[in-house]
Amino acid sequence: MDLRFVLDPDLTPELREQLVDLWVDVTNAGGAVGFVAPVTEAEVRPVAESTLAEVADGPDRLLVGYAGERLVAVVVVADNRFHLKTHWRVLKRVMVHPDTQGRGYGAALMREAERVTRALGVEALHVTVRDGLGLDRFYRRLGYREIGRLPAALRLSPTDSRDEILMWRDLPARPGSVDHAVVAPDEVH
């Protein structure tokens, strides 16, 4: 597996289009990233632009993964926007391109998100998961634990409601790690 990661890449028009395309592909392959398949670029684009505005204007961060020059993985590291929650972050829009599934890219993306956030002084990570897809097992293997559920919180259709699973991972400082350091985009590989 040869993934190259970039934190806070330049949000060029080309990258913005690649992100929308990835989001559409992930959703239409059954991914739980804010939509229900089938979805079009026109439906995803406004949500993507809003998400990227929070990255461009701060305080959120974007971590992308490339296989060669191809964008194949994305996660948004969202700030809580509340002074009593500065020690943890929410990981949103965790996406790996469907045709690269099974290569370990998802686990690599999550490990890189942990490395980057730990270097930023973050002490814990939170993700929410749509029940019924087995995604909670993936996160458990990565050290996350279920901390709660919102029953039937996600209404996929009039006859399909799913629990939203709340998951948490403590990030203990590792020996030799740099706490509270700011990682520049060119320092992430």
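As the structure is a prediction and not an experimental result, all values here were calculated from the model.

**Student:** Any chance you could explain the pairing of strand 2 (residues 61–67) here in plain terms?
**Tutor:** For a regular strand, side-chain orientation follows a simple rule: the groups alternate between the two sheet faces. Within strand 2, 6 of the 7 residues are buried, which leaves it mostly tucked inside the rest of the structure. Alignment of strand 1 (residues 3–7) against strand 2, held across 5 bridges, turns out to be antiparallel. Among the inter-strand pairings, Phe5 is bridged to a residue of strand 2, identified as Gly65. Taken together, strand 2 and the strand that follows it, strand 3 (residues 70–78), pair antiparallel across an intervening segment of 2 residues, in which Gly68 is found at a positive phi of about 65 degrees.

**Student:** It is not clear to me how the packing of helix 1 (residues 13–28) against helix 2 (residues 41–56) should be interpreted in this structure. Could you clarify?
**Tutor:** What describes two packed helices is the angle between their axes and the distance between those same axes. Two numbers describe how helix 1 lies on helix 2: the axes approach to 9 Å, and their chain directions differ by 125 degrees. Classified by the angle their axes make, helix 1 and helix 2 are oblique. Between helix 1 and helix 2 lies a crossing whose hand is right-handed. Contact residues: helix 1 offers Arg16, Glu17, Leu19, Val20, Asp21, Trp23 and Val24, while helix 2 offers Glu41, Val44, Arg45, Val47, Ala48, Glu49, Thr51 and Leu52. Considering only residue class, the contact of helix 1 with helix 2 consists of 8 nonpolar, 1 polar and 6 charged.

**Student:** Even after reading the chapter, I still don't get the nonpolar core, so can you show me in this structure?
**Tutor:** Taken as a class, soluble globular proteins show a tendency for nonpolar side chains to be buried jointly. With 27 residues, the main nonpolar core has Leu91, Val127 and Tyr144 as its most contacted residues. For this core, the secondary-structure elements that each account for two or more residues are strand 1, strand 3, strand 4 (88–96), helix 3 (105–119), strand 5 (124–130) and strand 7 (160–170). For this core, the element with the most residues is helix 3, which contributes 7 residues.

**Student:** Looking at this structure, how should I read the confidence of the model for the protein?
**Tutor:** In low-pLDDT regions, the fine details of the predicted coordinates are not to be read closely. Residue-level pLDDT values for the protein average 92, and 91% of them are 70 or greater. Here residues 177–189 is modelled with pLDDT under 50, and outside its nearest four sequence neighbours on either side it reaches 32 contacts, counting other chains as well.

Reading the values: the criteria
Residues numbered from 1 in each chain as written. Predicted model: local features only at pLDDT ≥ 70, side-chain atom pairs only at ≥ 80, totals over all residues. Heavy atoms only, no water. Buried < 20%, exposed > 50% of the residue type's maximum accessible area, 1.4 Å probe, protein only. Helix = DSSP H or I, 4+ residues; strand = E, 2+ residues; numbered from the N terminus. Pairing = 2+ DSSP bridges. Axes fitted to C-alpha atoms, helices over the stretch in contact; angles between N-to-C directions. Parallel < 35°, antiparallel > 145°, perpendicular 65-115°, else oblique. Left-handed = near helix turned anticlockwise from the far one by under 90°. Contact = heavy atoms within 4.5 Å. Nonpolar A, V, L, I, M, F, W, Y, C, P; charged D, E, K, R; others polar. Core = buried A, V, L, I, M, F, W, Y, C linked by side-chain atoms within 4.5 Å. pLDDT = per-residue confidence, 0-100.

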